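Observations on the model geometry
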Amino acid sequence: MDSIRTLREFSCADDYDPNSLPVDRARALIGEFLAPIGVVERVHIRAALDRVLAADIESPFDVPGHDNSAMDGWALRFADLHPSTDTPLRRIGASFAGTPFAGDLGPGDAVRIFTGGVMPRGADTVVMQERATETPDGVIVAAGAVTRAGQNRRFAGEDLKRGATVFRTGQPVRPAELGMLASLGLNEVSVYRKLRVAFFSTGDELRPVGQPLRAGEIYDSNRYTLYGMLKRLNCETIDMGVVPDVPETLERAFRTAAATADVVITSGGVSVGEADFVKALLEKLGKVLFWKIAMKPGRPLAYGKIGDAHFFGLPGNPVAVMVTFYEFVRDALLTLQGRRGIPTMPTFTAVLAEPLRKAPGRTEFQRGILSRDAAKGWQVRTTGAQGSGILSSMSQADCFIVLAADTGDLAAGTPVEVQLLEGLL
Ligand code: AMP
Ligand code: MG
């Protein structure tokens, strides 16, 4: 598919005002152009952590492989137990996890068994050791110690049946999946290769860390928040530094970035194409749409294709970079990584602990701090001043308070939507 041509047609066909594009609309538009990069590699399961499975995984056997005991105790036949009096049984051996009892268990027999020990042939039930008294040649099981056949016994295949699909393509590998893959005896799996993301900052005022500032200059922090957010998503990062607003230099940077990376992200003036030459340049290199999103912070946003690479032009303001990354770029990267059922940011309702100020007009992503209220529910307050240059507001926040465009000032006690940042930041 020639996605650049499609993007061009799309932008013409779209009837939304690019100077006031709703957040959902921008998200949906970007979504139209995303497909997993789909390059597969085989890696050791340890290296698969935070990657995405590129093939279905079937269980090669039952897990667990044998019926086994859920308790330390005694394996026996339920039918041998007197319902109302203690039952003496004969000890014929022991079954340890890893060392099964080899014989058969017959009427009146008991086998000492430990958690994970294989159930002896003939036994159907385990009585926990606390309800049994060991004797020199056996055990006395207390009346009522078990109430039904099969108690305290784990069944072969109760976790996974042989041949069952354990994971489907697109499954992210987290600690639980790592453990499950290991329990299946797999030491290698197919995963999608890491996304390569190139990024640079634009702005004559920006100085890289490690250099002294001259009058009017500031340190380039966006490349570091971007680096951090990209690493959290397990992307391969290509940091291209600060690129000055010089046409030839900028063109070279875009060409290099698009040739080496799956995704190109910039922050600063370039994103909105303030300078006409930037728009002309991106028009020459690919197809990019320049929007003003009806949101705060994060109004200017550009999305498009430069060659085969996806391009995100983020605003320059440090908070706006993070908000637009979480609201637009994150889901896009997860899709490109091949993830199924992308979990958008976890969202729930909390109650305002304090009044909140908002002018109607745009969707706002105010930075919030959650806490438990007296009723053990969640309440939220803002971090204070909400300027889009106040990066400490992101550091203090554990959530965004998402306020719909038509919302105005809100009183304490009003329920609001919050997006959890915990674990993402
Ligand atoms: P711009 O979108 O380029 O007009 O930038 C908006 C604001 O964000 C200005 O105050 C810039 O100085 C600031 N800014 C832009 N890029 C960066 C950066 N990489 N790191 C820190 N601040 C930045
Ligand atoms: Mg700038």
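A brief look at the structure comes next. Note that the coordinates shown come from a computational prediction; the quantities given were computed from them, not determined experimentally.

**Observations regarding the overall build of the protein**
Broken down by element type, the protein carries eight helices and 26 strands. Radius of gyration (C-alpha) of the protein: 30 Å, far over the 22 Å computed for a compact globule of 425 residues. For the C-alpha atoms alone, the extent of the protein along its principal axes is close to 95 × 50 × 50 Å. Scored against the burial criterion, the 425 residues of the protein give a buried share of 47%. For the protein, the share of sequence-separated contacts (at least 6 apart) that also reach a separation of at least 24 residues comes to 70%. On the protein, the mean spot of the 47 positive side-chain charges and the mean spot of the 50 negative ones are 1 Å from each other.

**Digging into the packing of aromatic side chains**
Throughout the structure, instances matching the rule amount to eight aromatic pairs. Measuring from centroid to centroid gives 5.5 Å for Phe254 and Phe311, while their planes differ by 85°, and the two rings are edge-to-face. Taken together, the positions of Phe254 in helix H5 (residues 247-260) and Phe311 in strand S21 (residues 309-314) put the pair 57 residues apart, joining distant regions of the chain. Residue classification places Phe254 among the buried positions, given a relative accessible area of 0%. Through a chain of ring-to-ring contacts, the aromatic side chains of Phe325, Tyr326, Phe365 and Phe400 assemble into a single cluster. A cation over a ring is seen here: Arg372 above Trp378, with NZ or CZ 4.6 Å from the ring centre.

**Looking at the sheet that holds strand S4 (residues 73-76)**
A sheet is described by the order of its strands in space; here six strands give the open sequence S7-S4-S6-S5-S9-S8, paired in mixed fashion. Each having just a single partner strand, strand S7 (125-128) and strand S8 (132-135) make up the two edges of the open sheet. With strand direction ignored, the average angle separating the axes of adjacent strands in the sheet is 35°. Bridge count for S8 against strand S9 (residues 138-141) is four bridges, and the pairing is antiparallel. Bridge pairing in S9 links Thr135 to Gly138.

**Quick notes on the sheet that holds strand S13 (residues 196-202)**
Pairing is mixed across the open sheet formed by six strands, whose spatial order is S16-S13-S17-S21-S20-S18. Every other strand in the sheet has two partners, leaving strand S16 (236-243) and strand S18 (286-292) as the edge strands with one partner each. Across this sheet, the average inter-strand angle for adjacent strands is 15°, counted without regard to direction. Direction of pairing for S13 relative to S16: parallel, over a ladder of six bridges. Looking at the pairing, Ser201 lines up with Val242 of S16.

**Side note on the pairing of S18**
Burial of S18 is extensive: six of the seven residues sit out of reach of the surface. Examined bridge by bridge, S18 and strand S20 (residues 300-306) share seven bridges and lie antiparallel to one another. Looking at S20, one finds that Leu289 is bridged to Tyr303.

**Quick word on the site of ligand 1**
Near ligand 1 lie 14 residues; those nearest to it are Glu205, Asp220, Ser221, Asn222 and Gly269. With respect to ligand 1, the side chain of Ser201 contributes an N or O atom lying 3.4 Å from a nitrogen atom. A distance of 2.6 Å separates a nitrogen atom of ligand 1 from a polar side-chain atom of Asp220. When its residues are assigned to classes, the shell around ligand 1 shows four nonpolar, eight polar and two charged.

Calculation notes
Residues numbered from 1 in each chain as written. Chains lettered and ligands numbered in written order. Predicted model: local features only at pLDDT ≥ 70, side-chain atom pairs only at ≥ 80, totals over all residues. Heavy atoms only, no water. Helix = DSSP H or I, 4+ residues; strand = E, 2+ residues; numbered from the N terminus. Rg over C-alpha atoms; globule rule 2.2 N^0.38 Å. Buried < 20%, exposed > 50% of the residue type's maximum accessible area, 1.4 Å probe, protein only. Contact = heavy atoms within 4.5 Å. Lys, Arg positive; Asp, Glu negative; His and termini not counted. Charge placed at Lys NZ, Arg CZ, Asp CG, Glu CD. Phe/Tyr/Trp six-rings, centres within 6.5 Å; stacked < 30°, edge-to-face > 60°. Lys NZ or Arg CZ within 6 Å of the ring centre and 35° of its normal. Pairing = 2+ DSSP bridges. Axes fitted to C-alpha atoms, helices over the stretch in contact; angles between N-to-C directions. Near = heavy atom within 4 Å. Polar contact = N/O pair within 3.5 Å; in protein donor to acceptor, adjacent residues only side chain to side chain. Nonpolar A, V, L, I, M, F, W, Y, C, P; charged D, E, K, R; others polar.

So far we have only geometry, and geometry alone does not tell us how the molecule works.
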